[in-house]
Amino acid sequence: MTSEYVEKIRGFNRFYTQTIGLIKKQFLDSPYSLVQARVLFELSRHPDILSKDLARSLDLDPTYLSKILKKFSHQGLVAKTRATRDSRKYLLTLTPRGNRVYEGLREMSNTHVHNLVRDLSPEEKNRLTAAMETILGLLDPDREPSGYYTIRSHRPGDIGYVTHRHGVLYAQEYGFDDTFEAYVANGMGTFIDNFNPDREHLWIAETNGTIIGSVAIVHAHDDTAQLRWLFVDPNERCRGIAGKLIQEALVFARQKGYAGVMLWTIDFLHAARTLYANAGFALAETRESRLWGKTLNEEKWELAI
C-alpha cells in the first residue's frame, strides 16, 4: 500500500470519527463511554452470554470488561445467573433497567445519524449506504451480506446502466463483442421512445442504491408480450432475484390482458433456461444465427397466460 492510500484512509478515519462523535470521552450526550455503550449493545443482541464470549465478541481485555460489568451490576443494569450446564459459569443479561438505558442510547444514536443525513436526497442516501457496504465488503469479505434488496420501476439513468451491464457481463461471460451492447442499446432506445406504461414496464432490482438486476415486458404484437433484458449481477445470483423479476413481469402481463408472453434466449444459457421452464415457458422454435461475434443457437420460448 502506497503512502497516498494510507493518507487517504487515515484522513477519512479522522473525518468519520469526529463526525459521529467517537473522539469524545462520552458516547453522544450520555454518561457512558463508547465502549460501555457497545457492551450494552452486545448484551441486548445476545442475552444470556458468557463473559468470555462477550469479551471475544468485542475484542476487549477480559479484566477491563470485568470492571465495566461490575459497575453495570452495581447500577442495576446487568444481572448474572448460573449456567445450567456448568454452575461455575455465569450468564450475563440486561435487567429491565439495563434495557431502558440501552433503548435510550439507541434512540440518541438514531437521532444523531438522522440529523447527519437529513439534508441528503434519497439518491444521496443510497450512494452513502452503498459506499459503506463497499467498505465493509472489501475489509470484511467473510461478512454475511444483508440480503435486502428492492424491485422498483425504472427512472432516468437506468437505461444507460442496464445497457452497460449487459455489454460488460455478456462480454466477460460469453465473449460477445461490442455489437451486442449496440443491440441492447437500440432495443432499449426504442423501448423508451415508444414507451406505453399501460402495456410495458421495466423493473430494476436494487440494493443500497446499486442496480443488481433488471427485466422488462415489451409489447411484441397483438396480444403477445415479450420478456426482455433479464440480468442479475453475478455476485447476487444465489438470492433468487431472477425468479422474482420474472414473476413480477408475468403478473404485470396478466394484469394488462396479454394472452401470452414470448422471449428469445440462447441454448447455452442453462440457468436462464431453467428459470424460464420453472415459470411455465416452453421451447417453441430454434434457429442458428451469426450474432455478436459468435455462431449461436437462438431459442424462442412461449408461455400462454
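Residues numbered from 1 in each chain as written. Predicted model: local features only at pLDDT ≥ 70, side-chain atom pairs only at ≥ 80, totals over all residues. Heavy atoms only, no water.

> Sorry if this is basic, but what is going on with a nonpolar patch on the surface here?
Nonpolar side chains collect at one region of the surface, where Phe12, Phe15, Tyr16, Leu22, Leu34, Leu128, Met132, Ile135, Leu138 and Leu139 lie side by side and expose about 950 Å² of accessible area between them. Mapped by element, the contributors of at least two residues to the nonpolar patch are helix H1 (3-19) and helix H6 (122-139). If you tally residues by element for the nonpolar patch, the top one is H6, at five residues. Its location among the elements puts Leu138 in helix H6. By relative accessible area, which is 66% here, Leu138 ends up exposed. (Patch = residues over 30% accessible without salt bridge, like charges linked within 9 Å, V, L, I, M, F, W, Y side chains within 5 Å. Areas by Shrake-Rupley, 256 points an atom, 1.4 Å probe, with all protein chains shown as cover. Salt bridge = Lys/Arg side-chain N within 4 Å of Asp/Glu carboxyl O. Helix = DSSP H or I, 4+ residues; strand = E, 2+ residues; numbered from the N terminus. Buried < 20%, exposed > 50% of the residue type's maximum accessible area, 1.4 Å probe, protein only.)

> In this structure, what is going on with the sheet that holds strand S7 (residues 224-232)? I would like to understand it.
Adjacent strands of a sheet form backbone hydrogen bonds with each other and so pair up, either parallel or antiparallel. Taken together, seven strands build an open sheet; the order of strands is S4-S5-S6-S7-S8-S10-S9 and the sheet is mixed. Among the strands making up the open sheet, the edge pair consists of strand S4 (150-153) and strand S9 (282-291). Averaged over all neighbouring strand pairs, the angle between strand axes comes to 25°, with direction disregarded. Here S7 runs beside strand S8 (residues 260-266); their pairing, made up of three bridges, is parallel. If you follow Gln226 over to S8, its bridge partner there is Met262. Contacts between helix H8 (residues 178-193) and the sheet are confined to strand S5 (201-207), strand S6 (210-221) and S7, with S7 contributing the most and set at about 130° to the helix. (Pairing = 2+ DSSP bridges. Axes fitted to C-alpha atoms, helices over the stretch in contact; angles between N-to-C directions. Contact = heavy atoms within 4.5 Å.)

> Explain helix H2 (residues 34-45) to me, please; I cannot follow it from the model alone.
In an α-helix there are 3.6 residues to a turn, and that puts residues three or four apart on one side. With 12 residues, H2 extends 17 Å from end C-alpha to end C-alpha; this agrees with the ideal 16 Å at 1.5 Å per step. Buried within H2 are the following residues: Gln36, Ala37, Val39, Leu40, Glu42 and Leu43. Buried-residue contacts for H2 involve strand S1 (49-50), helix H3 (51-58), helix H4 (62-74), strand S2 (78-82), strand S3 (90-94) and helix H5 (96-117). (Expected span 1.5 Å × (residues − 1).)

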